[in-house]
Amino acid sequence: MDFLTLFLIYLCFVLTTVALLCICSGRKEGFLARSANGASQILSFIIPTQLQRVIQRALHRLFHTRSCLFVVLHIALQAAVYGEYTWEVFVYCWELQFHLLFLLLPYLLLAGNMGCFILCSRANPGVITKANHASLVKIYEYDGVLFQKGIVCPTCNMEKPARSKHCRFCSTCVHRFDHHCVWVNNCIGAFNAKYFFLYLFTLTAMAATIAVITAAFLIQVVLLSNMMHGSYVDDQGQERAVEILFLIQENSNSQLAVFSCELLFAAVF
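Here is what the cut-offs are and how they apply
- Residues numbered from 1 in each chain as written.
- Predicted model: local features only at pLDDT ≥ 70, side-chain atom pairs only at ≥ 80, totals over all residues.
- Heavy atoms only, no water.
- Helix = DSSP H or I, 4+ residues; strand = E, 2+ residues; numbered from the N terminus.
- Buried < 20%, exposed > 50% of the residue type's maximum accessible area, 1.4 Å probe, protein only.
- Contact = heavy atoms within 4.5 Å.
- Areas by Shrake-Rupley, 256 points an atom, 1.4 Å probe, with all protein chains shown as cover.
- Core = buried A, V, L, I, M, F, W, Y, C linked by side-chain atoms within 4.5 Å.
- Patch = residues over 30% accessible without salt bridge, like charges linked within 9 Å, V, L, I, M, F, W, Y side chains within 5 Å.
- Salt bridge = Lys/Arg side-chain N within 4 Å of Asp/Glu carboxyl O.
- Expected span 1.5 Å × (residues − 1).
- Bend = angle between axes of the 7 residues up to and from the residue.
- Phe/Tyr/Trp six-rings, centres within 6.5 Å; stacked < 30°, edge-to-face > 60°.
- Lys NZ or Arg CZ within 6 Å of the ring centre and 35° of its normal.
- Polar contact = N/O pair within 3.5 Å; in protein donor to acceptor, adjacent residues only side chain to side chain.

**Student:** I'd like a description of the overall build of the protein, backed by residues and values.
**Tutor:** When helices and strands are counted, the protein shows nine helices and eight strands. Out of the 269 residues belonging to the protein, those deemed buried represent 31%. In the protein, once contacts between residues fewer than 6 apart in sequence are set aside, the share between residues at least 24 apart is 56%. As presented, the protein carries roughly 17,800 Å² of accessible surface, and 66% of it is formed by carbon and sulfur atoms.

**Student:** Describe the nonpolar core, listing the residues and the values that go with them.
**Tutor:** Formed by 28 residues in total, the largest nonpolar core has its most connected members in Tyr-85, Cys-93, Leu-103, Val-184, Ile-188 and Tyr-199. Residue assignment for this core shows that the elements contributing at least two residues are α4 (69-95), α5 (100-122) and α7 (193-225). Element by element, the count of residues in this core is highest for α7, at nine residues. Other than its neighbours up to four places away in sequence, Leu-103 contacts Tyr-85, Phe-90, Cys-93, Trp-94, Phe-98 and Ile-213.

**Student:** Give a description of a nonpolar patch on the surface that names residues and reports values.
**Tutor:** A cluster of nonpolar side chains, Leu-51, Val-54, Ile-55 and Leu-59, forms an exposed patch at the surface whose accessible area comes to about 320 Å². Within the fold, Leu-59 resides in helix α3 (residues 49-63). With relative accessibility at 43%, the residue Leu-59 sits in the partly exposed group.

**Student:** Quick rundown of α5? Include the residues and the values.
**Tutor:** Across its 23 residues, α5 extends 33 Å between first and last C-alpha, which sits within 8% of the 33 Å expected from 1.5 Å per residue. Among the residues of α5, those classed as buried are Leu-103, Pro-106, Leu-109, Leu-110, Asn-113, Cys-116, Phe-117, Cys-120 and Ser-121.

**Student:** Go over α4, please, and point to the residues and values.
**Tutor:** For α4, spanning 27 residues, the distance from its first C-alpha to its last is 38 Å, which sits close to the expected 39 Å at 1.5 Å a residue. Of all bends in α4, the biggest is about 40 degrees, found at Thr-86. With its phi angle positive at about 65 degrees, Gln-97 sits one or two positions after the end of α4.

**Student:** I'd like a rundown of the packing of aromatic side chains, residues and numbers included.
**Tutor:** Throughout the structure, instances matching the rule amount to nine aromatic pairs. Seen in terms of ring centroids, Phe-90 and Tyr-107 are 6.0 Å apart; in terms of plane orientation they differ by 80 degrees. Their pairing is edge-to-face. Of this pair, Phe-90 sits in helix α4 while Tyr-107 sits in helix α5, placing them 17 residues apart in sequence. Members of the aromatic cluster, each reached through a chain of ring pairs, are Tyr-82, Tyr-85, Phe-90 and Tyr-107. A cation over an aromatic ring shows up here: Arg-163 above the ring of Tyr-140, its NZ or CZ 4.6 Å from the ring centre. For the cation-ring pair, Lys-194 lies above Tyr-195, with the distance from its terminal atom to the ring centre recorded as 4.8 Å.

**Student:** Account for the side chain of Asn-186, naming residues and giving values.
**Tutor:** For Asn-186, the location among the structural elements is in strand β6 (residues 186-188). A distance of 3.2 Å separates a polar atom in the side chain of Asn-186 from the backbone oxygen of Ser-121.

**Student:** Any chance you could break down the side chain of Asn-192 for me, citing the residues and the numbers?
**Tutor:** With respect to the helices and strands, Asn-192 occurs in the loop between β6 and α7. Given the relative accessible area of 0%, Asn-192 is considered buried. Of the polar contacts made by the side chain of Asn-192, one reaches the backbone oxygen of Cys-120; its length is 3.2 Å. Every residue in contact with Asn-192, bar those within four places of it in the chain, is listed here: Cys-120, Ala-123, Asn-124, Pro-125, Asn-186 and Cys-187.

**Student:** Help me get a handle on unusual backbone geometry, residues and values and all.
**Tutor:** The backbone phi angle of Gln-97 is positive, close to 65 degrees, even though this residue is not glycine. A relative accessible area of 72% means that Gln-97 is categorised as exposed. Positive phi values are uncommon outside glycine, yet Ser-171 reaches one of about 60 degrees. Within the secondary structure layout, Ser-171 lies in the loop between β3 (165-167) and β4 (172-174). Here Ser-171 falls in the partly exposed class, since its relative accessible area comes to 45%.

**Student:** Explain the environment of Phe-117 residue by residue, including any values.
**Tutor:** For Phe-117, the position within the fold is in helix α5. With 83 residues separating them in the primary sequence, Phe-117 and Leu-200 have C-alpha atoms 9.2 Å apart. In this structure Phe-117 touches Val-71, His-74, Trp-183, Val-184 and Tyr-199, once residues within four positions along its chain are discounted.

Right under this line is the structure:
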């Protein structure tokens with residue numbers, strides 16, 4: 001089974017899974033919820049009690065408290081991608097006389113991305129305190145539907161301003177709360193949302209730039225090696241002319257394909 005067939009099967013699987021999640025998400029007791037409950041009950045009889053407690057504590061620590069694990073994973077992924085880019089692409093592109101500024105652009109974007117990452121993770125997202133509560137209450141009006149006046153946060157013991165929410169990870173109320181991002185280990189709120197948008201923009205630009213440089217490098221290699229004028233012997237023993245589809249399938253089994261998968265994985269997260 002070749003690469004393209006496996007990729008299409010994987011793509012169909014992902015799309016089917018997303019469609020099922022969208023269909024079942026609106027149901028109170030959907031098929032997925034019943035299946036998950038049934039599986040957890042079966043596993044509770046198989047897995048020892050002590051191991052269940054350890055797993056529950058570990059999952060609670062990872063997904064219900066502030067943890068630096070995802071920050072370390074984020075940095076490790078970027079280091080792996082840029083190490084592969086430097087070793088596999090930059091050196092060869094330099095030998096092929098690519099423009100230096102073009103090759104250094106991913107590193108410039110990386111510097112900007114790390115700056116936005118630090119600002120986003122270290123900046124105050126808009127934590128509501130007794131000192132700034134009176135001023136924050138006046139910024140947005142209560143709509144009486146989603147945000148009602150007079151609701152007191154039981155943890156912070158303060159009235160919630162409109163468009164604010166209590167973060168269970170940080171145990172604080174955040175002004176204009178958007179979400180808690182585990183990758184930056186901080187809430188995204190009114191005061192650091194601009195840094196978060198710049199972080200996403202530079203991250204997308206990094207992935208796109210490296211993908212373009214890698215594609216240009218592969219095209220240059222194909223043109224210089226005259227692969228398009230060659231031939232190969234297929235599984236039936238017949239000689240065929242080299243086509244673009246054949247080159248894509250062959251390159252998918254090479255080390256450059258592994259690099260492309262790492263780029264895709266980093267871009268998704």
